Structures are given as C-alpha cells and as structure tokens.
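The chain contents come next:
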Amino acid sequence: MGDPLERLGSDAAAGLESTMKEELCMEIDPPFRENIATAEDWRKALNKVVPAVVVLRTTAARAFDTEAAGASYATGFVVDKRRGIILTNRHVVKPGPVVAEAMFVNREEIPVHPIYRDPVHDFGFFRYDPDAIQFLSYEEIPLAPEAACVGLEIRVVGNDSGEKVSILAGTLARLDRDAPHYKKDGYNDFNTFYLQAASGTKGGSSGSPVIDWQGRAVALNAGSKSSTASAFFLPLERVVRALKLLQKGRDAVVNRWGAITIPRGTLQVTFVHKGFDETRRLGLQSETQQMVRHASPPGETGMLVVDSVVPGGPAHKHLEPGDILIRINGEVITQFLKMEILLDDRVDQKIDLQIERGGTSLNVELIVQDLHSITPDYFLEVSGAVIHPLSYQQARNFRFHCGVVYVTEPGYMLFRAGVPRHAIIKKFAGEEISRLDDLIAVLSKLSRGARVPLEYISYMDRHRRKSVLVTVDRHEWYAPPQIYKRDDSTGLWTAKPALPPQSPLLASNYSFAPPTVLSGGTCESSPTPMERIHHGNNQDLTDGVTYMDTNYESDVGSKRRKVEEESSSDGTVIADSSLHEPTEENSRPTANANLIDYKGSPAAAANASLAERVIEPTLVMLEVHVPPSCMIDGVHSQHFFGTGVIVYHSQSMGLVAVDKNTVAISVSDVMLSFAAFPVEIPGEVVFLHPVHNFALVAYDPSGLGAVGASAVRAAQLLPGLCRGDAVYLVGLSRSLQATSRKSVVTNPCAALNIGSADCPRYRATNMEVIELDTDFGSTFSGVLTDEQGRVQAIWGSFSTQLKYGGSASEDHQFVRGIPVYAISQVLEKISCGTDGPALLINGIKRSMPLVRILEVELYPTLLSKARSFGLSDDWVQALVKKDPTRRQVLRVKGCLAGSKAENLLEQGDMVLAIDKEPITCFRDIEDACQALDKHGGVDELTMTIFRQGREMELVVGTDVRAGNGTARVINWCGSIVQDPHPAVRALGFLPEEGHGVYVARWCHGSPAHRYGLYALQWIVEINGNPTPDLDHFVNVTKELEHGEFVRVRTVHLNGKPRVLTLKQDLHYWPMWELRFDPDTAIWRRRTIKELDSLQYLRIF
C-alpha cells in the first residue's frame, strides 16, 4: 500500500521509509566532498543552465498502460543541442499517445515528439527541431552521473508548482535510497537506487535537472515526499547509455529521425537491496558473505534479494522471493547497475545465476528476455475503451502474465456491462481470450445490438471470474474499432481499422425493413423485429450493477430534504387516453379485462391488493445508460434506474411512460425489464415532453415472444385526482417485485419551484404535482391507481440541487405524482396522425406530435399578496370565481432566451387572462396554446397582464417544440458542442454576438482540456468569424488545418467574455458530428474533418 505523501512528480503515492535505514545509509554513503563553490560560481552555472531548461506542456490523448488521459505541466532540459534532444521523466513522456510542446525561458514555444521512454526507469526523451529556436542563445547541459556524492550541494532548476522558473537548493543526503513506490496500480520504478535530498520539490518539477556548481546534471528529479520535504532523483548512468545510442542512431539516418532501438534485457524479477544483517537472517552462509565482501567495492553493506517474480516470465518457477543473488556468469553482483549492464548486453542469451535459498546454494540458467517485447506499443480502441496487452509494469503490480488482454479504460460498452478499469478479459462470446487478436476476432463476428457474455478477473479479486453481459453499441456513438500503433520514427500513434470491411459491426444499416408510407399519416411494413436477446446464457449482472452504482452518481439521492414549494389546491381534468391505429384493432384492455388472470402472469401474493394485481403486468423497470461522448443537455449521470408504466401495447409497438429523471435525453441506451414476463429488451426514446416531467420509450413487442406479448398489458389511464381521494402507490423493486401501498391525496395541484442547477439541466417548471399523506421516501417510484388499478398519475422522480450551509451543491432526488392528462394528449396526437416530424418506430413511420408552449417560466402568488401589489378587487373576484380553491395568480419568473415572449413579458408580470378568459393555473395556459392549433394559422395569444400597477393587453407569440430533444452534436477538439438547450435558455441570457453554440462537455486529453475550452460557455467566434449556430460553426471550423492555432471567443454562463487560443489536433481528435436519423431511428456518426494519410506524410 503506497504512502499518499510520496508522489510521482507530486501526483502519486508511495511506500514508507524505515527510520533505522535512514540513519544507517548516512554512514555507508561515499565520503563527503568539501564544497568549494562560491556564490559567483553558482551564478555562472545557473546563467548557463536556465536557458536550456524548458517547460513541457503534455497532453496524454488516450489512457494507456499506467497513465490516464489528461493534460499536465512538467520540466525537461536540453542534453543535445545539435540533434535537438530533451531529457525528462518517463511519466512525462508517457507510454501512450502524447502531444507536447516545450517552452523556453524566452517564451519561444515549439512542438516536441517522444523518441524514447524507458520501460522501467523514470526517464525518457523528446526531440525537437533545433532550427525552430530563433531568438535564444543556449547550451546543452552535460550529464555527469559520476559527480553525485553525499554532501554535494545542488540546485533543482525547473517548473515548480506551475512557476515559469524555480530554483530550489539542497544537499544530496543519500545515494542508495530504495526506488519510491508510488501506486499499487500505476507506474513504479524498480531495480535501481535513487538519490535523495531535502529540496522540497512539488508538482511540475518532474524532469528538472539536478545540477552541481559546474552546471552539470548529476541526477534527474522524479518525485517527492511532502511530509518530509524530500525529493527523489534518478541516477543518470543508464540515461547516459540511452542518450549515446540515440545520438548514434540519429547520425545513421540523414535528415530525419528513424526508429531507434535501445537494447533492454529483463528476467521479470524485482530485486531489493538488503543489508548483510538481513541476508544472514535469510540464510546467507558465512563463507559466502566473506567472499562477497572481499569481491565487492569497499563500503558495500548488502546484497540483492529477489522480492517478486512475474508469472510466466523467464524466472518463473526458477527464482523465489527471498533468494539471494550471488553471481551472474561467475561475477559477483551486489549492485543494481552492474546487474542491469549484464542483462542489457545479453538480450535473448542465456545467463547463469548463482543464488542461495535458505542456506542452500543453487545454480539457475535463464534466458534474458527483450524488455521491449513485453512493453505494449499498440492498443485497441472500441466504444471509448482502450484495451491492450498487459505490460511488464502492470504485470509486476498485479501478478499476472505479461501480454494478457488488459482494460486500461473501459469506455462505454464495457462500463455499461460493469467491467472496471484494470480488468483482465478471459472469455468473450463463449471463446477464450488470451491475446488481443482473439478479442478482435470475436468482435469482427458480432453485429450491432448483439448481447454476449464476457468473463473477466481483476487484481482485487484475482481468484474468481466475474461474468457480465456486454451489449454491442446499436447506435454509432463511437467510431468503428481501431488499432493504434506507435510509430517511433514520428513519435505519433497511427490508427487503422481493427475489423475487416465485411464485419457485421461495420454495416451501416440496421436490420429494419424499408417502411411503406400509407395515407392518413400512418404506415406499415413487413415486421422485422429488433435483434432477439438470447437468454440461454444465465449471466449474473450483480457485479456490473454494483460497480456502476458505486463509481458514478446514482439517480437515487442519499439525503432527504424538503424541497421548497408553493402549494395550491384542487383541480381535476379528464382526458381520453385511447390510442387508435387504422391498420389494426386497438389492443388496450378494458377495466374488466384487466381483472382477468392470464397465463404466465407473475404469482400474486396472497395479500396483494386488487390494484397491485391489475397494474403489475403494466410495470416496467428501465435501466438507462448515456454514452460519455454524448452527455449533452446537462445530464448529470451516465446511469439511471426507474419504474415506468406501459401506456400502449399492440402487435407493432409498445410505449412506456417514465419520468425524465430516469430518461433525461434521447441520446441514450434503454433496456426494459418487464414485471409480467422475465425478459429484457431494448427500447428507444421517442418523445421527451418539453415541459412536463415524462418521456415515452418505444419497444418492439415481437421481442417479448408470443407468451411475453400476451402477458404484458397496457394500463388504463384515468386523469383526475381530488383532495382526499384514496390511491394505491404501486411500484417495482430492483428485483422486479411489485409493491403496493395505500395512501390519500393531500394536494392534487402543488406547484413546483425547482431552482437551476450549477450545470443547467432539465428541471420541471410550470407544473403541478400530486402530494400524498405519507412519505414513501425518495427511492420508490411507480404509479398511483384507484382501487380498480386504473392509472391516475405517475409517481415519478424529480432532480434538484440543494446547498447545505456553505458547502457545494449536492444533487437531490424526490418523488411526486405526475398527472397523466398530458400523456393522454400526446397519445391521442400520435394516434390521430399529426403534422409533426416522422419517426421510424419498429419499422413503421409515425408522425410524432409537436407541442405548442409559451416559453415563459411562471410561479403562483396568492391573491392576498397580489392585492398588496395593487391588483384590483374586480380581478381578485374574477380569479376567485374562476378557481375558488387555488385563489392564486400566475406571475412571470422569466422568459426563455430566444423565445417569442422574451421582449414582451417582464419579470413580475401577473398573467390575468388570455383572450378575456381568466387564468389561474398552468393548465389554463396549456389549454390556450392547444386551442391555437385547432384554429390553425394563429400562433399568438392575447394576454391581459398586470405590470407595475397598470393593467395592459399584449399579443405574445408562442413557440412550437418537438419531442425529440437535442438531435445533433458536434465534437470539435474534444469539446462537445450543441445548440443551447432549454435549460440554458431558461437562464434568460444568450450572448449578444448572434447567440452562439454551447459547450456541453469536454474530453480528458483533448485540445479543449489542454487549452481550457471547458463546459458552460458559448463559442461565439472562431478566428473572428461568428458562429451563431451549428451550421455556421461547422463551416468555419472545417476550414481549419491540423496543428493550426485558433482564436476562440467565448462567453460564459455568467456573461463574462473570454478569448483563448487552441491548437487543433486532427490526428487524435478528428472533428465529427452525431445526428439522429429519423428515417432509420439510428444515431449516425459522420467525420467532418480528419488528418488523412497525405497530410500525415507531409508533416513528417
């Protein structure tokens, strides 16, 4: 277990040091050399060194091996001016794809490219073009590892804690410190000593030169321990060797860098240096100790002891922990450096080791393995996941064989199944997986939407395999699977398709029959069902669900708080909930039919209520996943659970109504589990109400099978609840067990008042909900029914944010009853065939309804308070006469930016009447908007308002909104860009510069991350060109070239403008668009601009 105070460049954790060892090491280090340097000597040395030290800005474009994707600052220094070579740490160069720039002290910035990163030790090299430095005179810093000694006064020159240049003084205290242990599942150096000094380096100083008074680098800064202000330095002996080989390799190629190999050998064994006192306790013979002391340099106090052996390596089953190394090829070895020289010079050759194990001398013959052969230089990217062979670094950490299939980043598809980071894939779709090629071969046989089992193990629970069900992306959330391969001649990782062109996964069309459009707004086709889900593999999904719930925000709040609300009283509305299809008989059961038992129905408990038995076949549990690449509209989590109710079920289509805190956006994958029949099938979001808190999810009844389709039923909707009505709250547990509770309505029309979240997202406004006399908690959702099981409301979840004291906002969920009248209205419009946009549902094109709304946020005020604002007695009496129960008037809280009402209605206006009819509740305004649709050609309301003591009439325009939500997303430089969604516009502000496109999210390791193009702001200009909408944005950005610096003007949600520069990277971050295609009901991904092969060759 690592010490959180011991850090890798101040970023990681490490192990504790023994106080006794600290004291002993001070005695065994080489003798102190008198420091004769003067202040003038140091001044001269620093004047020479500082110009050669650079600030490195690195961006890891992908997670890989031990490193996560992200952007960071570090330090490096020039060690070869003529060839353009910069030395820094391995954890700065990164083992995976990296984009980096070096900034010299005079603020000249140049791109740098990795040419080598050591597989074990913490050093690596960047290269740059020396001719690119035009305005700075500098010299390379020579490397002098032999100059390091205890007591040597040093200076650490670098970028410390983000400072441009920082110079920290110190004195070398130790030369034989154990390599620091940073993380149990990340990078650690080993098989080497480290130097230690009390210089107190911090973040950003990784890769700084540790110089003496002559301006020579005697070590390389690598990490620190904040509790003691200690810094750890890497010795430079092996760095010098690597640099010489790089220089030789560069000189062998004319005018360009080639791929240079630096021989590195390994036995896959970790050694530690232990003193003679401890080796004696391990069984070292006295004669052997005497021989070793005689053959070793003066002052040697210990020997190398085996600490761990990687399974499957050359030394596996030959060496064991506790073995004491005596000789290699007849030569006594007590130091790491001498052992490493022997191994590096004998790659793929046999060596003889003499060891002692428990006092017994043994001879072992081993083959030295090429260290680079077990260091991966390629990876598979599929659905956002990064998968590659397990590296030696992680195999050592986890005690697994090198080369097994390792998940660095689970991405979306694997995360959705519950596969964690650091998992080892053992079996996929019934086939054993031992190499990455095996996994790719299985993927090439799968089609979109396929569901197959996967088995994996993790280092936390290595002795048991876990089995999950993986669903292949049906929509094109991500690019097709690609293999990235490291190109050491350019420093880039080049991508190529991972699957053959004939692979089903690459098929552009999903298996729906082409629809035939009929007259009357309906259509039919030969039914081609969604891909069936195979239930032969009885997989346990518990592990996957547990993992997702504990690592991401759940849709269920953990704290209960009373949400601020303004209450009003009674109001009921009756609406027809039937849905008719001209081509088939309406399949909605009657109330009496609902009471009849059916074959295959779940066994009802003996004490279950009639309402529970009737409504259980209509209930559905929804599990919703949102791809990280498409987290738009402010959605606050990737994973949601909730209960829905079937409101329509026929041979060709089923519809489930659910709250929008479960199905927040249409860019999501929905799985439905039915209480009536043990089956799980996919669903598609077909309607999101722009105001009310409900969504409609469609499913294909043929996916239920004949028995399941007959077992499932649609609920009968019965709008209208009054105060005092007895209701049954019926819902589902996670195990799909129905539960009912009887309650009484206390308030059927409580007005919600939910504030905006820190990151704007959907919130219920202009909506009245139903309250009960019993608090059933925030985790139980379902439906409210009467005694006959007729649905009168959805008991749905709402999301808000609460602040406790001065702390940050916390997400909070609560449940209330959602009236079903709006659901009935939408179903009626679907059945009648409206003039709305056509959408393909289960192979049949249907017209989806448009909703006319007044884009104004309102809130109720009691008439007693309205009278105090000057409202006349006549109006008070008129409003009381219209609604004697509520006794309220609606006031304007704000208008949505960009709406037709924006410049007409003002905050505080009281809405008295529309077309001379008094208005007392939100439903009145909805009815007035719907009346406009019936008249046709009219889209304005004549409103009577009361403003600042004056009554006036205004003609206010209404807006028409579709129920498909955001249907287009752009990813540019790693920022997810969309049109401003309603929750943003509800803030009442859009930039004056022709509005702009809204940044919803950004990706780790992208240019947006590197240069600070974060979320919650609009992009209003690119290089001075306005970007008022997505079309203009695409037209401007697609003309930009790879590597071009772009000037971006943004406006934050708080109204603060900003200008930043950003360097476009089309190699790792091509520009793409995700757009919903209603003709196929598939989200399509289209690449707008990427770096083609010709551009790649021109750059290098």
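Rules of the game
Here the residue index of a chain counts from 1 through its sequence in written order. This being a predicted model, a pLDDT of at least 70 is required before a residue's local features are given, and a value of 80 or more before pairs of side-chain atoms are given or counted; all residues contribute to the totals for chains, interfaces and linings. With hydrogens and water excluded, all non-hydrogen atoms of the structure serve as input to the side-chain values. Secondary structure counts use DSSP, requiring at least four H or I residues in a row for a helix and at least two E residues in a row for a strand, with both numbered from the N terminus. In short, Shrake-Rupley with a 1.4 Å probe defines the accessible areas, and a residue's cover is counted only from the protein chains shown. Two rings from Phe, Tyr or Trp (for Trp, the six-membered ring) form a pair when their centres are within 6.5 Å of each other. A pair whose planes differ by under 30 degrees is stacked, one over 60 is edge-to-face, and the rest are tilted. The buried label goes to any residue with under 20% of its type's maximum accessible area, the exposed label to any with over 50%, and the partly exposed label to all in between, with areas taken from a 1.4 Å probe on protein chains only. As a reminder, the over-ring test applies to NZ of lysine and CZ of arginine, requiring each to be within 6 Å of the ring centre and within 35 degrees of the ring normal. Paired strands, as defined in this entry, are two strands with at least two bridges between them according to DSSP. Fitted lines through C-alpha atoms serve as axes, helices being fitted only where they are in contact, and the angles separating the N-to-C directions of these axes extend from 0 to 180 degrees. Definition used for salt bridges: Asp or Glu carboxyl oxygen within 4 Å of a side-chain nitrogen of Lys or Arg. To qualify as a nonpolar core, a set must consist of buried Ala, Val, Leu, Ile, Met, Phe, Trp, Tyr and Cys residues joined through side-chain atoms within 4.5 Å. We call a pair of cysteine sulfur atoms a disulfide when they lie within 2.5 Å. The definition of a polar contact used here is a pair of N or O atoms within 3.5 Å, where within protein one atom must be able to donate a hydrogen and the other to accept one, and adjacent residues in sequence count solely through side-chain atom pairs. Any helix carries an expected span of 1.5 Å times its number of residues minus one. Here roughly perpendicular refers to angles of 65 to 115 degrees, roughly parallel to angles under 35, roughly antiparallel to angles over 145, and oblique to all remaining angles. The criterion used for residue contact is that any of the two residues' heavy atoms lie within 4.5 Å. Across the chain, each position has a pLDDT score giving the predictor's confidence in that residue, from 0 to 100.

**Describing the overall build of the protein**
Next up, step 1: The helix and strand tally for the protein stands at 22 helices and 64 strands.
Next up, step 2: Accessible area for the protein stands at about 43400 Å²; split by element, carbon and sulfur atoms hold 50% of it.

**Structural notes on the packing of aromatic side chains**
Next up, step 1: As enumerated under the stated definition, the model contains 23 aromatic pairs in all.
Next up, step 2: Seen from their ring centres, Phe64 and Trp493 are 5.1 Å apart, and the 65 degrees between their planes marks the pair as edge-to-face. Pair noted here: Phe64 is in the loop between β2 (53–60) and β3 (70–80) and Trp493 is in strand β30 (residues 492–497), with a separation of 429 residues, a long-range link. Pair check on accessibility: Phe64 and Trp493 agree, each one buried.
Next up, step 3: Each ring, one from Trp477 and one from Trp1083, has its centre 6.1 Å from the other, and the planes form 40 degrees; the classification is tilted. Of the two residues, Trp477 is situated in the loop between β28 (461–471) and β29 (482–487) and Trp1083 in strand β64 (residues 1082–1089); the sequence distance between them amounts to 606 residues. Accessibility classification places Trp477 together with Trp1083 in one group, the buried group.
Next up, step 4: If you follow Arg155 out to its NZ or CZ, it ends over the ring of Trp42, 4.1 Å from the centre.

**Some remarks on the sheet that holds strand β4 (residues 85–88)**
Next up, step 1: What the six strands build is a closed barrel, ordered β2-β3-β4-β7-β6-β5; its pairing is antiparallel. Ignoring strand direction, the axes of neighbouring strands in this sheet form an average angle of 40 degrees.
Next up, step 2: In the sheet, β3 pairs with β4 via three bridges, with the strands oriented antiparallel. Residue pairing for β4: Asp80 is matched across the bridge by Ile85.

**Examining the pairing of strand β51 (residues 910–914)**
Next up, step 1: In terms of residue burial, β51 counts as a mostly covered element, since five of its five residues are buried.
Next up, step 2: Pairing of strand β50 (residues 888–895) with β51, which is carried by two bridges, proceeds in the antiparallel orientation. Pairing of Leu890 across the sheet is with Val911, part of β51.
Next up, step 3: Pairing analysis gives four bridges linking β51 to strand β53 (residues 940–947), with the strands arranged antiparallel.

**Side note on the pattern of salt bridges**
Next up, step 1: Evaluation of the coordinates by the stated rule reveals 62 salt bridges.
Next up, step 2: Residue Arg83 pairs with Asp80 through a salt bridge whose shortest N-O separation is 2.5 Å. Take Arg83 and Asp80: they sit in the same class, and that class is buried.
Next up, step 3: A salt bridge links Arg435 to Asp438, with the nearest nitrogen and oxygen atoms 3.7 Å apart.
Next up, step 4: A single salt-bridge network, built from bridges that share partners, covers Asp118, Arg238, Arg241, Arg264, Glu340 and Asp344.

**A closer look at the nonpolar core**
The nonpolar side chains of a soluble globular protein tend to be buried with one another.
Next up, step 1: Core analysis: the largest hydrophobic core is formed by 89 residues, its most contacted members being Phe674 and Leu696.
Next up, step 2: Counting 52 residues, the second-largest nonpolar core is a separate cluster that includes Val54, Ala74, Ala100 and Ala217.

**A look at the state of the cysteines**
Next up, step 1: For the coordinates displayed, the defined rule picks out zero disulfides.
Next up, step 2: Cysteine Cys749 shares no disulfide, and the gap to the nearest cysteine sulfur, in Cys921, comes to 8.0 Å.
Next up, step 3: Relative accessible area serves as the criterion here: at 0%, Cys749 is assigned to the buried category.

**Considerations on the side chain of Arg57**
Next up, step 1: Position of Arg57 relative to the elements: it lies in strand β2.
Next up, step 2: For Arg57, a relative accessible area of 16% translates into the label buried.
Next up, step 3: A distance of 3.1 Å separates a polar atom in the side chain of Arg57 from a polar atom in the side chain of Glu109.

**Details of helix α18 (residues 922–935)**
Next up, step 1: With 14 residues, α18 extends 21 Å between its outermost C-alpha atoms, agreeing within 8% with the 20 Å of an ideal straight helix rising 1.5 Å per residue.
Next up, step 2: For α18, every residue scored as buried is listed here: Phe922, Arg923, Asp924, Ile925, Glu926, Ala928, Cys929 and Leu932.
Next up, step 3: Just downstream of α18 lies Gly936, where phi reads positive at about 75 degrees.

**Here's the deal with the sheet that holds strand β36 (residues 654–658)**
Next up, step 1: Here six strands make up a closed barrel; going around it, the order is β34-β35-β36-β39-β38-β37 and the pairing antiparallel. Recorded for the sheet is a direction-independent mean angle of 40 degrees between the axes of neighbouring strands.
Next up, step 2: In terms of strand pairing, strand β35 (residues 639–649) meets β36 through four bridges, oriented antiparallel. Looking at the pairing, Val645 lines up with Ala657 of β36.

**Observations concerning the environment of Arg90**
Next up, step 1: On the secondary structure map, Arg90 appears in helix α3 (residues 90–93).
Next up, step 2: For the pair Arg90 and Ser206, spaced 116 residues apart in the sequence, the C-alpha separation amounts to 9.6 Å.

**Some details on the environment of Ile681**
Next up, step 1: One can find Ile681 in strand β38 (residues 680–688).
Next up, step 2: Sequence separation between Ile681 and Tyr699 is 18 residues, and the spatial gap between their C-alpha atoms is 7.6 Å.

**Section: the packing of helix α4 (residues 237–251) against helix α7 (residues 336–344)**
Next up, step 1: The contact between α4 and α7 brings their axes to 11 Å, and the two run at 25 degrees. Overall, the two elements α4 and α7 adopt an arrangement that is roughly parallel. Contacts from Glu237, Arg238 and Arg241 of α4 reach α7 at Leu337, Glu340, Ile341 and Asp344.

**Describing the side chain of His981**
Next up, step 1: With respect to the secondary-structure elements, His981 resides in the loop between β57 (975–978) and α19 (982–985).
Next up, step 2: His981 gets classed as buried once you look at its relative accessible area, which sits at 3%.
Next up, step 3: In this structure, His981 is in contact with Asp633, Gly634, Pro760, Arg761, Thr966 and Tyr998, ignoring residues within four places of it in sequence.

**Notes on the confidence of the model for the protein**
Next up, step 1: For the protein, per-residue confidence averages 86 on the pLDDT scale, and 86% of positions sit at 70 or higher.
Next up, step 2: For the stretch residues 10–34, pLDDT sits under 50, and the model shows 62 contacts to residues farther than four places along the chain or on other chains.
Next up, step 3: Contacts from residues 511–604, a stretch scored under 50 in pLDDT, to residues over four places away or in other chains number 233 contacts.

**Some remarks on unusual backbone geometry**
Next up, step 1: At Asn191, a position not held by glycine, the phi torsion is positive, near 55 degrees.
Next up, step 2: Phi at His422 takes a positive value of approximately 70 degrees, unusual for a residue other than glycine.
Next up, step 3: Relative to the helices and strands, His422 is located in the loop between α9 (413–417) and β25 (424–428).
Next up, step 4: Since its relative accessible area comes to 15%, His422 is described here as buried.

**As for the environment of Thr765**
Next up, step 1: Position of Thr765 among the secondary structure elements: in the loop between β41 (738–752) and β42 (768–772).
Next up, step 2: Remark: the alpha-carbon pair of Thr765 and Ala986, spanning 221 residues in sequence, is separated by 10.0 Å.
Next up, step 3: If near-sequence neighbours (up to four positions away) are discounted, Thr765 is found in contact with Val691 and Glu857.

**Re the pairing of strand β34 (residues 619–625)**
Next up, step 1: For β34, the buried fraction is high: seven of the seven residues fall into the buried class.
Next up, step 2: Judged by which residues are buried, β34 turns out to be covered on both faces: Leu619, Met621, Glu623 and His625 on one side and Val620, Leu622 and Val624 on the other are all buried.
Next up, step 3: Taken together, the six bridges between β34 and strand β37 (residues 669–674) define a ladder with antiparallel strand orientation. Across the sheet, Val620 pairs through a bridge with Phe674, a residue of β37.

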